[in-house]
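# Secondary and tertiary structure notes
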Amino acid sequence: MAVKIRLARHGAKKRPYYRIVIADSRMPRDGRYIEQIGAYNPLTSPKTIEINLEKVDEWLAKGAQPSSAVGHLIDIVRSGAAAPEKKVKLSKKAEEKARKAAQEAAEAAEAAAEESAE
């Protein structure tokens, strides 16, 4: 029996919350699992990662294979660092709007500096 350490998705539509579970690899993603060993909530700021590292070590010793996502979460918890935040990329329209606003603010600052110099 191949045992995996993986994420099981819970929560509402577009509001995911994940449980970190030990499951038979043949079971569905959100199906039956052997044991729950943690939780992951990507929507909080900073992201919430709770993992019982003792249980992880027990299961790894028994031969369980972590998924790539869970492996990454385990590394984050072991290092003690906060979960990295994704960089938000603005759309072209938003970039143009921000650039124009910065340019107008710079021009207003120049005008204010000229008036105060006189």
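Residues numbered from 1 in each chain as written. Predicted model: local features only at pLDDT ≥ 70, side-chain atom pairs only at ≥ 80, totals over all residues. Heavy atoms only, no water.

With that settled, the discussion passes to the overall build of the chain. A tally of helices and strands in the chain yields three helices and five strands. From first element to last, N terminus to C terminus, the chain shows the α and β order β-β-β-β-α-β-α-α. With the principal axes as the frame, the chain shows a C-alpha extent of 80 × 30 × 20 Å. Buried residues in the chain amount to 25% of all 118 residues. Across the chain, every contact between residues at least 6 apart in sequence was considered, and the portion connecting residues at least 24 apart equals 33%. Counting only carbon and sulfur atoms, one obtains 53% of the accessible surface of the chain, whose full area is about 8,700 Å². For the chain, the separation between the mean place of its 22 positive charges and that of its 17 negative charges on side chains is 14 Å. (Helix = DSSP H or I, 4+ residues; strand = E, 2+ residues; numbered from the N terminus. Buried < 20%, exposed > 50% of the residue type's maximum accessible area, 1.4 Å probe, protein only. Contact = heavy atoms within 4.5 Å. Areas by Shrake-Rupley, 256 points an atom, 1.4 Å probe, with all protein chains shown as cover. Lys, Arg positive; Asp, Glu negative; His and termini not counted. Charge placed at Lys NZ, Arg CZ, Asp CG, Glu CD.)

The final tally for this structure, using the stated rule, is five salt bridges. Where Glu35 meets Lys55, a salt bridge forms, and the shortest distance between an N and an O atom there is 2.6 Å. Taken together, the residues Glu35 in strand β3 (residues 35-41) and Lys55 in helix α1 (residues 53-61) connect sequence positions 20 residues apart. Assessed through its relative accessible area of 28%, Lys55 is described here as partly exposed. The salt bridge involving Arg99 is made with Glu96; its shortest N-O contact spans 2.3 Å. One end of the pair is Arg99 and the other is Glu96, both in helix α3 (residues 92-117) and three residues apart, which spans about a single turn. (Salt bridge = Lys/Arg side-chain N within 4 Å of Asp/Glu carboxyl O.)

Once that is clear, we can look at the pairing of strand β4 (residues 48-51). Residues Ile49 and Ile51 of β4 are buried on one face, while the alternating residues Thr48 and Glu50, pointing to the opposite face, are not. Both β3 and β4 contribute to a ladder of four bridges, which runs antiparallel. Within β4, the position partnered with Asn41 by the bridge is Thr48. In this antiparallel pair of consecutive strands, β3 and β4, the connection spans six residues. (Pairing = 2+ DSSP bridges.)

Shape descriptors only; they carry no functional weight alone.
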